[in-house]
Amino acid sequence: MNTAWILLSLLIFPGGLFLLGSGLVYEWVDRKLVARFQNRIGPRWFQPLADVVKLLAKEEIIPQEVHRGLFLLLPVLALAGALTAALYVPLIGFKPSFSFPGDLIVTLYLLSMMSLCMGLAGANTVDRFSLVGATRTLTQLFSYEAPFLLALLGPAIVTGSWQISQINAQAGNSLWFIITQPIGFVVALVGLMGKLELPPFDAPEAETEIVSGALTEYSGRGLALFRIGKDVELVIGLTLVAAFYLGGLANPIEFLLKTMGLLVVMAGLQSLFARLRIDQTVGLWWRVGALLALAQLLVLILLRG
Amino acid sequence: MEKQDSNGKFIVPIGPQHPALKEPGHFEFAVEGEIVTGAAVRLGYVHRGIEKGAEARNWTQNIYLLERVCGICSHIHATAYTLGVEKLANVVAPPRAQAIRTLVAELERIHSHLLWLGVAAHEGGFDTLFMFSWRDRETVMDLLEMITGNRVHYSTNILGGVKIDLDDEKITAIRKGLDFLEERTHHYLKVINTDETFLGRTRDVGTMSRQQAEELGAVGPTARASGVPRDLRVEAPYAGYHEFPVRLITATEGDLHARFVVRMNECLDCYRVIREILDRLPGGELATRVPRRIPEGETISRVEAPRGELVYFIKSTGGDKPDRIKVRTPSLCNWGTVTSVAVGHKLADMPMLLAGIDPCFSCNDRMVRVNRPDQSQTWSWENLRQYGIEYYR
């Protein structure tokens, strides 16, 4: 692989610019769907882009008593983590740009960078809303992370590989894992919602309690980067779940249909429930989510052995 | 922004500017982690000097001023005032006027309760219910606009009667609207009673026992949800409630869930009462004459607003202007219930707990000044204004 190709895949397609664009599109689809489910009209197609442009053009206010370097670095780090993770997943149904045995674990860690950065960003300021939000963000990280990982390990164990591209290829050749491992699919999808802090798991940024949670003090560029980062994570998360549980992603059309299908389900779930309190979220994940995922994993291991 | 206050407690401020509050009020919750250990309330951000303003206007002008005490339950303020003035003037409005007053009051109650349902659901992060209930609330808003010409400040009352009439066309439209709303209200009751995530946020949250409710002086649906049988429409019927009695709706649990159930059941009873009024609408005049100068005297006028008991004290010295009008709104009575049951709950429950009493900030913000015998003085409008400017400086 020559240098030009690497740069191209990093900066333009399928990573980089293209990914940012698709992130905004997916955010719009999500917002529009939720709006329609709630009997609202919803935003126009360019609204997410307009939001980002507006935020980038605005002044970035650095509050007093924060660590300046950390304050500026964290949004960049969060976005970089998400963009790097994109290189290992089969975006648009193409082969991942980079691949090595065990990249599943690396990807999941890179995806967790976002929550970690947001938690740190909240803890960095002295704003009370941010501090409470940061606590909740990190609490939520500890609650969904393990079940989400366990849910994605199911297909990995069945295919006997920890390489995303191989699992993707294998998933395409066998019966869809959503049928053989339904529990894992549900846990993975709901885990993704927890990761992205979508309703009903939006306690970390519950606007009626703590304004905007950990990101309350962010404005302008920092906020824009965090938002793009979340959009990118939405795309990557959907790609991962679709590749693992919905029979793999072999071409762009499959990618579009499967990820959009997942997004419709997710938007439905978002509009169905009232917000869970953070203690209810933790309870749900550890009492139900983790146990179900573990039970399924045990069954898989026993059946294989 | 300092991190801690002088007592070393971690205080989360909600308001005066906060996404949870659509009106300014200030609440300080001392928290340990997520658990609330103390709560304090500070009001007065929307003090508008309406009571003082009322003394400068004549009896008729005051109807329009007092309707603007509240942006949600405007009609009930005008009703309380006109009933009081009519009592002072020894005039009784004709039966048809009383029935129409009652009808508009009940429609207003429906609109207020549906609005509250949406707000409370939004505070709990259930935006779908918020959007749906507000969409359906438009039905009753449209009805009110059709009857009175306005969506919020209906200006239905005049001294001695009402100034709007109902015809067959309007009655048919109201019936049609009520049928739709009744069906939707049954649906919302089902959602409230069965949705697991919603029950998780409302059941056993903010529980207030009957004894507590009585000690704290709770009024309205907040008190009724704790089992206090307190509803002026039943206890001391006014306007058309002699003719068209309402049912007293209570619950015993006293938690947030009970408040939802009580309010929705009240809506259902409103539909029944309105239909009864439409069935047996008395004929006759819409208004009687009321003198321009009201005879000397003072009176208390009590009505049941959507949020609870509303009290007006009206004093006349025989002129064409009132000498004193004192308004006591129901929101003010219910604040004590929030601060006393908040302790021990999660921070996440606070917005719903605040919304649970259906607070109306601009209603309850008026100045209280305790006169001691040694420093008694009369304040002029200019003094008050200056005091207000200095106070917030």
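Each remark here, short or long, concerns the structure printed above.
Conventions we followed
Residues numbered from 1 in each chain as written. Chains lettered and ligands numbered in written order. Predicted model: local features only at pLDDT ≥ 70, side-chain atom pairs only at ≥ 80, totals over all residues. Heavy atoms only, no water. Contact = heavy atoms within 4.5 Å. Buried area = accessible area lost by both parts, 1.4 Å probe. Salt bridge = Lys/Arg side-chain N within 4 Å of Asp/Glu carboxyl O. Polar contact = N/O pair within 3.5 Å; in protein donor to acceptor, adjacent residues only side chain to side chain. Pairing = 2+ DSSP bridges. Helix = DSSP H or I, 4+ residues; strand = E, 2+ residues; numbered from the N terminus. Axes fitted to C-alpha atoms, helices over the stretch in contact; angles between N-to-C directions. Buried < 20%, exposed > 50% of the residue type's maximum accessible area, 1.4 Å probe, protein only. Disulfide = S-S within 2.5 Å.

(A) Quick peek at the interface of chain B and chain A. With 33 residues of chain B at the interface, the matching set in chain A holds 27 residues. Between chain B and chain A, the buried area comes to about 2700 Å², and carbon and sulfur atoms account for 58% of it. Inspection of the region where chain B meets chain A yields three salt bridges. Here Arg 136 of chain A makes a salt bridge to Glu 34 of chain B, at a shortest N to O gap of 2.7 Å. Linking chain B to chain A there are ten residue pairs in polar contact (both at pLDDT 80 or more).

(B) Inspection of the sheet that holds strand S6 (residues 297-305) of chain B at higher detail. Residue and element names in this part refer to chain B. Within the open sheet, the three strands sit side by side as S6-S7-S8. Their pairing is antiparallel. Each edge of the open sheet carries a strand with a single partner, namely S6 and strand S8 (322-328). For this sheet, the mean inter-axis angle between neighbouring strands, taken without regard to orientation, is 15°. Sheet analysis places strand S7 (residues 308-316) next to S8, joined by six bridges and oriented antiparallel. Each residue of the ladder has a partner; that of Lys 315, found in S8, is Arg 324.

(C) Fine view of the pattern of salt bridges. Residue and element names in this part refer to chain B. Within this structure, the stated rule accounts for 42 salt bridges over all chains. Salt-bridge contacts for Glu 86 lead to Arg 101; the nearest nitrogen and oxygen are separated by 2.7 Å. Here the residue Glu 86 occupies a position in helix H3 (residues 74-89), and Arg 101 occupies one in helix H4 (residues 95-123), the gap between them amounting to 15 residues. Of the two residues, Glu 86 and Arg 101, both sit in the buried class. With its nearest N and O atoms 2.8 Å apart, the salt bridge here joins Arg 175 to Asp 279. Here Arg 175 is found in helix H6 (residues 168-194), whereas its partner Asp 279 is found in helix H11 (residues 256-279), with 104 residues between them in sequence. Of the residues examined, Asp 279 reaches a relative accessible area of 53% and is grouped as exposed. A single network of salt bridges, built from pairs that share partners, joins Glu 106, Arg 109, Arg 224, Asp 231, Arg 233, Glu 266 and Glu 304.

(D) Looking closely at the state of the cysteines. What the rule picks out here adds up to zero disulfides over all chains. For the unlinked cysteine Cys 267 of chain B, the closest cysteine sulfur is that of Cys 270 of chain B, found at 5.7 Å.

(E) Fine view of unusual backbone geometry. Residue and element names in this part refer to chain A. Cis geometry is adopted by the peptide bond preceding Pro 200, which originates at Pro 199 and carries an omega value of 0°. Secondary-structure assignment places Pro 200 in the loop between helix H9 (182-195) and helix H10 (207-210). Despite not being glycine, Val 211 shows a phi value in the positive range, around 60°. Within the element layout of this structure, Val 211 appears in the loop between H10 and helix H11 (220-245).

(F) Highlighting the sheet that holds strand S1 (residues 10-14) of chain B. All names here are of chain B. Strand order in this open sheet of three strands is S1-S2-S3, and the pairing throughout is antiparallel. A strand with exactly one partner marks an edge of an open sheet, and here the two such strands are S1 and strand S3 (35-42). Neighbouring strand axes in the sheet, compared pairwise and without regard to direction, differ in orientation by 25° on average. Both strand S2 (residues 26-32) and S3 contribute to a ladder of seven bridges, which runs antiparallel. In the strand pairing of S3, His 26 is matched with Arg 42. Sheet strands touched by helix H12 (residues 330-342): S2 and S3. Its angle to S3, the strand with the most contacts, is close to 160°.

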